[in-house]
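Architecture at a glance
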Amino acid sequence: MKNATPSYTPFKVAPIAIAVSSALALMSSAALAAEQSDIELEQIEVVDTAQDGYVVKSAASAKYTQELVDTPQTINVVNEQVLEDQGITSLEDALRNVSGVSTFGAGEGGGGNVNTTDNVTIRGFDANGSIYSDGIRDVAGYSRDTFNTEQIEVAKGANGTISGKGSAGGSVNLVTKAANLRGDKNSISASYDEGDTARLTGDFNKVLSEDSALRLNLMTEQGGDYWDNGEEEYKSYAIAPSYFTKVSENTDLTINLMHMKQDNTPVIGLPFITETVATQTGLSEGMIAEQYWSNYYGVKGLDFEEVDATTLTAIINHQLNNRWAFRNQTRFGVTETKSIITRPWANSDGTYSTERASTNFSENQLAVSQFDFLGEIITGSIKHDLVVGAEIYQETQKTPNVSLDNVVRSQTSYDATNPGVTTATGSYTVDGYSKDATATGLAAYLSNTATLNDQLQLAGGVRLEKYKIDSTQNVGRGSSATSVSAVDKSDLISWHTAINFKPTNNGSIYASFANNQEPNGNNLSLNGRSAEQVAEYTSLDPIESITAEVGTKWELFDDKLLLAAAVFQTRKDVYQTVDNVLEASGEQESKGVELSVTGQLTDTVSITATYTHQNAKVTESSSSDDVGDGLSSAPEESASVWLSYKGEKLGLGLGAEYTSGNDYWRGSEVYFTTGEVTLVNAMASYAFTENLSAQLNISNLTDERYASDYSAKGHFLPGNPRNVKATVKYDF
């Protein structure tokens, strides 16, 4: 038995018992099921995510057996039409449509290092390790493009029975575009904006026969110098073919391949004037004055970022009979990232060093296979929607040792307001690895939604998962770093239980209770800054979080508009040291209320809107000074709204994003806050012919100045200024 004592001990037995009883006991007996064998059940079909405007009926994952209106959990969906209307091309921009989700990178617990990877916080909890593609975790760190994405789903709160180990705040799932038999549909789109970003995409679906289809998505993009510093640039190239075939009347196969390359010259920050720098220079504390935002604070000839990502996925669906279907999804993935990016780093004399570069080299491999049996059983008058499944996976991550000793810079320091041009000669070298980690997992799960009658549903589920990480990694800093090898094994139990009352066919009122567990090394890095600490962490139980949620959902206007409201509370254990003993006895809490509306107000007017009010803070700590501290990247209020009109030829869109302020907490102190930020966005489109259309998007219409990210190291990243983007699309 491990030596940590979870803070939820008094509440553990009952929820697990309820979850298991909901999933198992409600099924009654096999004999009773046999008596009902003459009952005809609908054939189970793979969810088709094709949507009407902004209408989203179901989540893509087969593990969600009910439509969204009857799913007892907050799930926000951004579908392909929203992405297209808003001119969105990245995951982080897409998530601006979902309140309670922050892409401010300080994250839970600190670090505060600005980088170019997707930074996601949900309800105040770091969710960077809970980003999924088609229900398979993508642990590699990079900026995800949406060229091959059909919709983005944000499931909030503890969600272990669906996604397995991960964040207390929830998870993000990107649904891949795939070949289909819905007919030939092809489009080519070209765009250009004020950041000199030129983008060309193609989406081609060809029905080859009545049983097969081929789809091809292509993307190329270059540009991104929105502050006109003359050096910043982002280049991406991608190809994603997909093939679908019906192997037999009851079996189909889909094969998806995605390959993407990025070759970037990024900027991760401008000087944030600290008190020391202000004293030395007379500059005002805080973000450096806007007149200097066009300066380039990197090093020419040194700074770069490269991403090379490839995934191959095979999906088999087989209809066993009119009651049961089988689904297998197997994926192999390889992602390699390399980046050296110079960041403004303040010296004690008020100047800034050119020799502080952030290096991020990583080699990631993934192999995973998921097996799901999906079925319906009738016991008496009760209908059970069941998912019985298993998952086996292996994730590996290697971090090369990178040395910049051979790099010579033309200057070693500069003034914040006059950085000049720093160039570099020489090159970096790679020698061995600072981390070589392999994680393996095996999980089995069962979930059941029991429909007792037209008004009442009970849901429950459990997931058992064995997780092991074997890592050799450097701990400590600089020349004092030492290599440590350690193995950590965890037995994870995830559960959920819910009751859903339907006063009418189009409405639900629910209460749910679920947990999530996060093992040491969940993100392929063992905790600890010394060999002793690493050993201590491997002796501890996984971190557990529990979410309670009460909510209601209603479909209106011929079931084309979904309204949702929920009150939630998530409590998460955290590691801390008490009397020199490391244990999982601290606690963080996030609670609040969420509102959302998504779909069609009329046949021509669409809406997606969300609002979150939350209070995220430290509730238990060995240091009384920490109790009551807030969690980083957890604004008290956040909201988004987007309305669009689509006429026969003319289209219009208008929306706004609001946050009451992202705070960066460190040592019981708010080091930085973005303050209140409201961004207004607009769109106009026109269809010249049935095939040819043009669209104009304006983001940050009022040209607000704000920080989109912040680092405790002494720099910040400004949000983009007003940007006008023109797009031409040809459908055929």
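Just above, that's the structure.
Residues numbered from 1 in each chain as written. Predicted model: local features only at pLDDT ≥ 70, side-chain atom pairs only at ≥ 80, totals over all residues. Heavy atoms only, no water.

Per the secondary structure count, the chain includes 7 helices and 42 strands. On C-alpha atoms alone, the chain measures out to a radius of gyration of 26 Å, which is about the 27 Å that the 2.2 N^0.38 rule sets for 732 residues. Counting only C-alpha atoms and orienting by the principal axes, one finds that the chain spans roughly 85 × 70 × 45 Å. For the chain, the proportion of its 732 residues judged to be buried stands at 53%. Considering only contacts within the chain whose residues lie at least 6 apart along the sequence, 68% involve residues at least 24 apart. A total of about 30,500 Å² of accessible surface is found on the chain, and carbon and sulfur atoms cover 52% of it. Positive and negative charge centroids in the chain, built from 51 and 95 side chains respectively, lie 3 Å apart. (Helix = DSSP H or I, 4+ residues; strand = E, 2+ residues; numbered from the N terminus. Rg over C-alpha atoms; globule rule 2.2 N^0.38 Å. Buried < 20%, exposed > 50% of the residue type's maximum accessible area, 1.4 Å probe, protein only. Contact = heavy atoms within 4.5 Å. Areas by Shrake-Rupley, 256 points an atom, 1.4 Å probe, with all protein chains shown as cover. Lys, Arg positive; Asp, Glu negative; His and termini not counted. Charge placed at Lys NZ, Arg CZ, Asp CG, Glu CD.)

The next thing to look at is the sheet that holds strand S4 (residues 125-126). Pairing in this open sheet of 3 strands is antiparallel, and the strands run S2-S3-S4 from one edge to the other. For this open sheet the edge positions go to strand S2 (101-102) and S4, each flanked by a neighbour on one side alone. Taken together, the 2 bridges between S2 and strand S3 (residues 121-122) define a ladder with antiparallel strand orientation. Opposite Ser102, over in S3, you have Thr121 as the bridge partner. (Pairing = 2+ DSSP bridges.)

Strand order across the open sheet formed by 5 strands is S1-S7-S8-S5-S6, with mixed pairing between neighbours. The open sheet is flanked by strand S1 (75-79) and strand S6 (136-137), the only strands paired with a single partner.

For the structure shown, the criterion picks out 37 salt bridges. Note that Arg96 and Glu657 form a salt bridge whose closest N and O atoms lie 3.5 Å from each other. Of this pair, Arg96 sits in the loop between helix H4 (91-94) and S2 while Glu657 sits in strand S35 (residues 650-659); the two residues are 561 residues apart in sequence, bridging distant segments of the chain. Look at Glu657 and you get buried, because its relative accessible area is 17%. Salt-bridge contacts for Glu231 lead to Lys300; the nearest nitrogen and oxygen are separated by 3.3 Å. Here Glu231 is found in the loop between strand S11 (212-223) and strand S12 (233-248), whereas its partner Lys300 is found in the loop between strand S15 (286-287) and strand S16 (304-319), with 69 residues between them in sequence. (Salt bridge = Lys/Arg side-chain N within 4 Å of Asp/Glu carboxyl O.)

With respect to the helices and strands, Gln576 occurs in strand S31 (residues 561-578). Sequence separation between Gln576 and Ser622 is 46 residues; the distance between their C-alpha atoms is 7.1 Å. Among all residues touching Gln576, those that are not within four sequence positions of it are Val581, Leu582, Glu583, Ser585, Gly586, Glu620, Ser621 and Ser622. Reaching out from Gln576, the side chain makes a polar contact with the backbone nitrogen of Ser622 at a distance of 2.7 Å. (Polar contact = N/O pair within 3.5 Å; in protein donor to acceptor, adjacent residues only side chain to side chain.)

This paragraph deals with unusual backbone geometry. Even without being glycine, Asp196 reaches a positive phi, approximately 55 degrees. With respect to the helices and strands, the residue Asp196 is situated in the loop between strand S9 (185-193) and strand S10 (198-209). Residue Asp196 is classed as partly exposed on the basis of its relative accessible area of 46%. Of note, the phi angle at Asp558 is positive, near 60 degrees, even though the residue is not glycine. Within the element layout of this structure, Asp558 appears in the loop between strand S30 (543-556) and S31. For Asp558, a relative accessible area of 73% corresponds to the exposed category.

Taken as a whole, this structure holds 18 aromatic pairs when the rule is applied. Seen in terms of ring centroids, Trp227 and Trp293 are 5.1 Å apart; in terms of plane orientation they differ by 85 degrees. Their pairing is edge-to-face. With Trp227 in the loop between S11 and S12 and Trp293 in the loop between S15 and S16, the pair connects residues that are 66 residues apart, well separated along the chain. Judged by its relative accessible area of 14%, Trp227 is buried. (Phe/Tyr/Trp six-rings, centres within 6.5 Å; stacked < 30°, edge-to-face > 60°.)

This brings us to the pairing of strand S21 (residues 362-379). It is a general feature of regular strands that their side chains alternate between the two faces of the sheet. For S21, the buried fraction is high: 13 of the 18 residues fall into the buried class. Summarising the sheet, strand S17 (residues 324-342) and S21 pair through 14 bridges and their orientation is antiparallel. By the bridge assignment, Gly333 is partnered in S21 with Leu366.

What follows covers the side chain of Ser242. Relative to the helices and strands, Ser242 is located in strand S12. Since its relative accessible area comes to 3%, Ser242 is described here as buried. With near-sequence residues (within four places) excluded, Ser242 lies in contact with Ala178, Ala179, Ala213, Leu214, Arg215, Thr254, Ile255 and Asn256.

Those residues of helix H7 (residues 531-538) lying buried are Val534, Tyr537 and Thr538. Down the axis of H7, the buried side of the element spans an arc of 100 degrees, and every buried residue falls inside it. (Arc of directions from axis to C-beta.)

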